[in-house]
Amino acid sequence: MTENKLQILPETEKKMEFLEEYLGKLGSIAVAFSGGVDSTFLLKTAHRVLGDKVIAVTAQSDSFPKRELEEARAFCQKEGIHQIIFESKELELEGFCQNPPNRCYLCKRAFLEKVKEIAGENHRNYVVEGSNVDDEGDYRPGMQAVAELKIKSPLREARLTKGEIRLLSRKLGLDTWEKPSFACLSSRFPYGETITKEKLAMVEQGEQLLLELGFSQFRVRIHARMARIEVLPEDFSRLIQAEIRNQIIEKFREYGFTYVAMDLVGYRTGSMNEVL
């Protein structure tokens, strides 16, 4: 389907117009940029509106897969957007590695404080981040940090949903329009289980393997030395095909897992929040 044939509802078009006007009024901004669906759409739109008055700020982190960082870097290079990458040290944050229910708040607050610092050093008026309307309905302690630090959330201000962002991203020609949803690797740990650099690497390797095997939406949840794999229900039969299953078992054991299990409920966001 070509861009011209995409059917954008008038309501969505109005939201896009509001977004562009909102961004224009901010004058100059630093975008907290991860390379995901939402932040890529926000950065692209902001750059169209504000040009060089926009910078992208990205964290290099143990909780952030290397492929995601490289995709974020490549996007900014392609679009001619000035990007600043800093090393995030969330594993050094007090309380973070103990993985309390407000872990996301601890990390998000430290991250956004650094983005604000970089924005100030580069004479940008505001920091913006990419949460959308759908994010308001889930347990997201990181949103508390957004509110406390007075970070702008233009996509929420425009009342854009995830589905609308994907559709508008496709219209803009962004490859991320169909990119699977992603959350930081620390979200793969049950609350209370210690987060370590070693275990984050185990999860990253496991998810990279599933990606290379052709799965599109999945999670590798880690429970001590057990991997609990979530894939879409329609992918269950493929996951347990002998050739693929044996390859996963062999590789996951190389990565450090002792047990490998398939979650019969299947992929869903925030499954670690089910215990709260």
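Quick notes on the rules
- Residues numbered from 1 in each chain as written.
- Predicted model: local features only at pLDDT ≥ 70, side-chain atom pairs only at ≥ 80, totals over all residues.
- Heavy atoms only, no water.
- Pairing = 2+ DSSP bridges.
- Helix = DSSP H or I, 4+ residues; strand = E, 2+ residues; numbered from the N terminus.
- Axes fitted to C-alpha atoms, helices over the stretch in contact; angles between N-to-C directions.
- Salt bridge = Lys/Arg side-chain N within 4 Å of Asp/Glu carboxyl O.
- Buried < 20%, exposed > 50% of the residue type's maximum accessible area, 1.4 Å probe, protein only.
- Contact = heavy atoms within 4.5 Å.
- Phe/Tyr/Trp six-rings, centres within 6.5 Å; stacked < 30°, edge-to-face > 60°.
- Lys NZ or Arg CZ within 6 Å of the ring centre and 35° of its normal.

A. View of the sheet that holds strand β7 (residues 259-262). Pairing in this open sheet of 3 strands is mixed, and the strands run β5-β6-β7 from one edge to the other. Where the open sheet ends on each side, the last strands, each with one partner, are β5 (218-223) and β7. Taking each pair of neighbouring strands and ignoring which way they run, the sheet shows an average axis angle of 20°. Pairing geometry for β5 and strand β6 (residues 226-231), over 6 bridges, is antiparallel. The residue of β6 that forms the bridge with Phe-218 is Val-231.

B. Quick look at the pattern of salt bridges. Overall, the coordinates contain 25 salt bridges when judged by the stated rule. Between Glu-117 and Lys-114 there is a salt bridge, with its nearest N and O atoms 3.4 Å apart. Here the residue Glu-117 and the residue Lys-114 both occupy positions in helix α4 (residues 103-121), the gap between them amounting to 3 residues, near one helical turn. On the basis of relative accessibility, which here comes to 28%, the residue Lys-114 falls in the partly exposed class. Note that Arg-221 is salt-bridged to Glu-230, the shortest N-O span being 3.1 Å. Taken together, the salt bridges that share partners define one network made up of Arg-221, Arg-228, Glu-230, Asp-263 and Arg-268.

C. Up close: helix α7 (residues 162-171). Taken as a whole, α7 has its buried residues at Glu-164, Ile-165, Arg-166, Leu-168 and Ser-169. Considering only its buried residues, α7 is in contact with α1 (10-26), α2 (37-50) and α6 (154-157). A positive backbone phi angle near 80° is found at Gly-173, which sits one or two residues after α7.

D. Representation of the pairing of β5 in the model. The element β5 is extensively covered by neighbouring structure, given that 5 of its 6 residues are classed as buried. Counted along the chain from β5 to the antiparallel partner β6, the turn is 2 residues long, and its residue Ala-224 has a positive phi close to 55°.

E. View of the environment of Val-265. Structurally, the position occupied by Val-265 is in the segment after β7. A sequence separation of 169 residues divides Val-265 from Phe-96, and the C-alpha atoms of the two residues are 29 Å apart. Setting aside chain neighbours within four positions, we find Val-265 in contact with Pro-233 and Phe-236.

F. A look at the packing of aromatic side chains. Overall, the coordinates contain 5 aromatic pairs when judged by the stated rule. Arranged with centres 5.9 Å apart and planes meeting at 45°, the rings of Phe-252 and Tyr-255 form a pair that is tilted. With Phe-252 and Tyr-255 both in helix α10 (residues 242-255) and 3 residues apart, this pair spans about one turn of that helix. When its relative accessible area of 0% is taken as the criterion, Phe-252 is described as buried. Judged by its relative accessible area of 17%, Tyr-255 is buried. Chaining the aromatic ring pairs together yields one cluster made of Phe-252, Tyr-255 and Phe-257. Against the face of Trp-177 rests Arg-170, its NZ or CZ located 4.3 Å from the ring centre. The lysine or arginine in question, Arg-238, covers the ring of Phe-215, its NZ or CZ lying 4.6 Å from the ring centre.

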